[in-house]
Amino acid sequence: MTAHPHSTKKSLAIIGAGASGLVSCRHLLSLFPSITLFEKTNTLSGTWKYRPEGHKYSNHNAMYESLHTNLAHHIMAFMDFPFDRRDLMRDKGMESTQEADSGSLLNFPPHHEVHRYLVDYAKYFQLERFVEYETEVVRMERTKEQQWRIVSRKVDGSGTEDDSNLCQERIYDAVVVANGHYSDPYIPHFPGKGQCENLMHSSSYKTLDWRKKRFVLVGIGPSGGEIARELAEDGANEVFLVARSMDQEPPRVECESGGSLQWITSNIKKSQDKGHTMLFENGFKLENIDHIMLCTGYNYSFPFMEHAEDPESGDPIVQVKDNQVIPLYKHLAHIKYHHSLYFVGLPFKTIPFPLSEFQAIWIKHVLLDKVNLPLENGLLPQDQPQTEKQKRPRYFHDFSGGHQWVYCNDLAKDCGVPGVEPIRRAIYDEIHQVRRMWSDRDFREYNYKTINQCEKEKQ
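This is a predicted model, so every value here is computed, not measured.

A. The overall build of the chain, seen in detail. Counting secondary structure elements, the chain contains 8 helices and 22 strands. Taking all 459 residues of the chain together, 52% fall into the buried category. Look at the contacts in the chain between residues 6 or more apart in sequence, and 62% of them connect residues 24 or more apart. Total accessible area on the chain is roughly 21,400 Å²; 46% of this is exposed by carbon and sulfur atoms.

B. Examining the pairing of strand S10 (residues 238-243) more closely. Counting buried residues in S10 gives 5 out of 6 residues, a clear majority hidden from the surface. Handedness of the strand S9 (residues 214-218)-helix H5 (residues 222-235)-S10 crossover: right-handed. Here S10 runs beside strand S11 (residues 260-265); their pairing, made up of 6 bridges, is parallel. When the sheet's bridge partners are listed, Ala-243 is paired in S11 with Thr-265.

C. Local environment of the packing of aromatic side chains. The tally for this structure, following the rule as stated, stands at 23 aromatic pairs. Ring centres of Trp-148 and Tyr-337 lie 5.2 Å apart, and the angle between their planes is 80 degrees; this geometry places the pair in the edge-to-face category. Residue Trp-148 is found in strand S5 (residues 148-154), and its partner Tyr-337 is found in the loop between strand S19 (333-334) and strand S20 (341-343); the two are separated by 189 residues along the sequence. Of the residues examined, Trp-148 reaches a relative accessible area of 0% and is grouped as buried.

D. Molecular detail of helix H7 (residues 403-415). With 13 residues, H7 should reach 18 Å at 1.5 Å per residue; the first-to-last C-alpha distance of 19 Å fits that figure. Where H7 is concerned, the buried positions are His-403, Gln-404, Trp-405, Tyr-407, Cys-408, Leu-411, Ala-412 and Cys-415. Among the residues trailing H7, Gly-416 stands out with phi positive, at a value near 70 degrees.

E. Region of the structure containing the sheet that holds strand S6 (residues 167-172). If you walk across this open sheet you meet the 3 strands as S4-S5-S6, and the pairing is antiparallel. Edge positions in the open sheet fall to strand S4 (135-142) and S6, since each of these has one partner strand only. Ignoring strand direction, the axes of neighbouring strands in this sheet form an average angle of 25 degrees. Of the strand pairs in this sheet, S5 and S6 are connected by 6 bridges, and their pairing is antiparallel. Across the sheet, residue Trp-148 finds its bridge partner in S6, namely Tyr-172.

F. Seen up close, the pattern of salt bridges. What the rule picks out here adds up to 22 salt bridges. A salt bridge links Asp-87 to Arg-90, with the nearest nitrogen and oxygen atoms 2.5 Å apart. Taken together, the residues Asp-87 and Arg-90, both in helix H3 (residues 86-90) and 3 residues apart, mark about one turn of the helix. Across the pair Lys-330 and Asp-410 runs a salt bridge whose closest N-O atoms are separated by 2.3 Å. Note that Lys-330 is positioned in the loop between strand S18 (328-329) and S19 and Asp-410 in helix H7, a separation of 80 residues in sequence. Take Asp-410: its relative accessible area is 31%, and that puts it in the partly exposed class. Salt bridges sharing common partners tie together Arg-139, Glu-141, Arg-149 and Glu-169.

G. The arrangement of the packing of helix H1 (residues 19-28) against helix H6 (residues 352-367) in detail. Direction vectors running N to C along H1 and H6 enclose 35 degrees, while the axes themselves pass 9 Å from each other. In this structure, the crossing between H1 and H6 has a hand that is right-handed. Of the residues in H6, those in contact with Ala-19, Ser-20, Val-23, Ser-24, Arg-26, His-27 and Leu-28 of H1 are Phe-353, Ser-356, Glu-357, Ala-360, Ile-361, Ile-363, Lys-364 and Leu-367. Among the residues forming the contact of H1 with H6, the class breakdown is 8 nonpolar, 4 polar and 3 charged.

H. Geometry of H5. Between the first and last C-alpha of H5 there are 19 Å, a value that for 14 residues agrees with the 20 Å anticipated at 1.5 Å per step. Most of H5 is tucked away: 11 of the 14 residues are buried. Of all the positions in H5, only Gly-224, Gly-225, Glu-226, Ile-227, Ala-228, Arg-229, Glu-230, Leu-231, Ala-232, Glu-233 and Gly-235 are classed as buried.

I. Spatial organisation of the sheet that holds strand S13 (residues 277-280). Across the sheet, which stays open at both edges, the 3 strands sit in the order S12-S13-S14 with antiparallel pairing between neighbours. Only two strands of the sheet have a single neighbouring strand rather than two, namely strand S12 (268-272) and strand S14 (285-286). Where S13 meets S14, 2 bridges bridge the pair, whose relative direction is antiparallel. The partner of Leu-279 across the bridge, within S14, is Lys-285.

Scoring rules and cut-offs
- Residues numbered from 1 in each chain as written.
- Predicted model: local features only at pLDDT ≥ 70, side-chain atom pairs only at ≥ 80, totals over all residues.
- Heavy atoms only, no water.
- Helix = DSSP H or I, 4+ residues; strand = E, 2+ residues; numbered from the N terminus.
- Buried < 20%, exposed > 50% of the residue type's maximum accessible area, 1.4 Å probe, protein only.
- Contact = heavy atoms within 4.5 Å.
- Areas by Shrake-Rupley, 256 points an atom, 1.4 Å probe, with all protein chains shown as cover.
- Right-handed = clockwise from strand over helix to strand, strands pointing away.
- Pairing = 2+ DSSP bridges.
- Phe/Tyr/Trp six-rings, centres within 6.5 Å; stacked < 30°, edge-to-face > 60°.
- Expected span 1.5 Å × (residues − 1).
- Axes fitted to C-alpha atoms, helices over the stretch in contact; angles between N-to-C directions.
- Salt bridge = Lys/Arg side-chain N within 4 Å of Asp/Glu carboxyl O.
- Left-handed = near helix turned anticlockwise from the far one by under 90°.
- Nonpolar A, V, L, I, M, F, W, Y, C, P; charged D, E, K, R; others polar.

Here it is in structure tokens:
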């Protein structure tokens, strides 16, 4: 039997050694004799490595000191590598970095335990040998020979892209882009924003070091709700949490230390007095504001592809419009370079680790020509909105409302492998309901214990 040329590609570049990059490397390493896993910081795990303010790489992630996961580790883990991994690694003669014993492993672990989990994942599957640390991809382009040229440089404080002697150029047959989407903060516009002297994004929040201040937090995603609670409860601050409409349910926050949290449902009309006064469209006015924190999420960003053009047409190879990455198929494969260019981990409001794993498995099956791709004139169909929310700007890759299950099961069906385990969805759905009833802190007191793939035990 003759191997298909797609399954005999020789070299693979993976950009980013976070969860998506690691799981892609694990599932694709059997197909490529040569793999380079580019990581521009000095360690694995991407955004899960907390670095305090002032650290060399503190601006490379959105992590803050007190963060715990809002997903139970039972459902957050990769499919065959649980968070409670000591015995699994011991059987392979490896020592785990797992901090807690099996009986005391927190259902909703702190960020450092997730970091250790990913370090152990790389150790268990022997992935670290492929990693080039402190190496940034600065340019990527398509060659006339149907390959990818990648230019990288060391980012240890020496050299720039223009220093050709410090840059390295390499050619690859395929590329997986897994650089995450928590590095380019989204800063919405509002009148007076440019004059604000007290404006910050939640990405800059590292640890609670304010007391008795007046805050305005804009946005009520997971970070907005939890940072608001931390500021109000632990710092005795006065916090105002702002959301556009009541279709966004306010987090329940109980303050026990003299702080307060109030809810404002309105768009911002404008800010005045260098940001110390804020007017809202509903007529509400806030004065004496010490800090405005934007908890407004992030942009997709691929700076190394800004000038990448199709050698034949001259068109941009990839674009980000209204925070939609185009032109892609299944939020993953480039519609033209579907056998050599993939973007893993784009969907949000998901269980990210297993979703990225389904994507990596799908890529492997595509490269082995085991997926029936709906090609027309050599192109895959470009993604279209599948939910009402995805029709709105900035929400095209939003997989809330159960769409992640449809998506993951669709990828699995293409590959002929089992889909999402029922236990993952059961626990995920229940956590979602519990968070609506309990405070942001208290919902983590629920303890889940997996009995089998169809049942769960709550304590």
